Amino acid sequence: MKRLLDATSGDVEMEEELLSALRQNVVDRLPLLKMGLQNRIKDQAVLYSHDFKGSCATIGLEGVRKTAMEIERLCIENQLEAAMQMYSQLESDIKQGFELLEEYIKNKKRKAA
């Protein structure tokens, strides 16, 4: 949560906007990563795994960052099958990370009321 706080200076509205924008980015791009992995398009898989690694690290989703970094490494090493096997872990990490951040914002708003 510290990274989210650092990025928004603790502004709840800004946190919600950032989280919403990131969620939309993830929803739009996750299928592109999967397609790159399934179709063995290395450049596409590297691009989107790198994208998730950076954007999710920005707001402190460390689990997502680690999984995306491992997928990126496997793709760079032409191990796209192994990377594809990690895809469901990435989906799970993303879901869990967003749930935690949303709960954090909800609690913060409750305390402010």
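Residues numbered from 1 in each chain as written. Predicted model: local features only at pLDDT ≥ 70, side-chain atom pairs only at ≥ 80, totals over all residues. Heavy atoms only, no water.

Q: Would you take a moment to explain the packing of helix H2 (residues 12–38) against helix H3 (residues 42–58) for this structure?
A: The relative placement of two packed helices comes down to the angle between their axes together with the axis-to-axis distance. Viewed as axis vectors pointing N to C, H2 and H3 meet at an angle of 150°, and their least axial separation amounts to 8 Å. As the angle between them shows, H2 and H3 are arranged roughly antiparallel. The two elements H2 and H3 meet at a crossing, and its hand is left-handed. In this structure, H2 uses Leu22, Asn25, Val26, Arg29, Leu30, Leu32, Leu33, Met35, Gly36 and Leu37 to contact H3, whose residues at the interface are Gln44, Ala45, Tyr48, Ser49, Asp51, Phe52, Ser55 and Cys56. Here the contact of H2 with H3 is built from residues that sort into 11 nonpolar, 5 polar and 2 charged. (Axes fitted to C-alpha atoms, helices over the stretch in contact; angles between N-to-C directions. Helix = DSSP H or I, 4+ residues; strand = E, 2+ residues; numbered from the N terminus. Parallel < 35°, antiparallel > 145°, perpendicular 65-115°, else oblique. Left-handed = near helix turned anticlockwise from the far one by under 90°. Contact = heavy atoms within 4.5 Å. Nonpolar A, V, L, I, M, F, W, Y, C, P; charged D, E, K, R; others polar.)

Q: I'm lost on H3 in this one. Help?
A: An α-helix turns once per 3.6 residues; consequently, residues spaced three or four apart project the same way. If you check H3, its first and last C-alpha atoms are 24 Å apart, about what 17 residues at 1.5 Å a residue would give, namely 24 Å. Residues of H3 that are buried: Gln44, Ala45, Val46, Tyr48, Ser49, Asp51, Phe52, Lys53, Ser55, Cys56 and Ala57. Count one or two residues on from H3 and you reach glycine 60, which has phi positive near 90°. (Expected span 1.5 Å × (residues − 1). Buried < 20%, exposed > 50% of the residue type's maximum accessible area, 1.4 Å probe, protein only.)

Q: What am I meant to see in the environment of glycine 60 here?
A: The topology assignment puts glycine 60 in the loop between H3 and helix H4 (62–76). Relative accessible area serves as the criterion here: at 30%, glycine 60 is assigned to the partly exposed category. Considered as a pair, glycine 60 and valine 27 are 33 residues apart in the sequence and their alpha carbons are 18 Å apart.

Q: I keep staring at H2 and nothing clicks. Help me out?
A: The end-to-end C-alpha separation of H2 is 38 Å, in line with the 39 Å expected for 27 residues at 1.5 Å each. The principal kink in H2, of about 30°, is found at arginine 29, preceding the proline proline 31 by one to four residues. Buried residues of H2: Val12, Glu15, Leu19, Leu22, Asn25, Val26, Leu30, Leu33, Gly36 and Leu37, and no others. Two residues or fewer after H2 comes arginine 40, characterised by a positive phi angle close to 55°. (Bend = angle between axes of the 7 residues up to and from the residue.)

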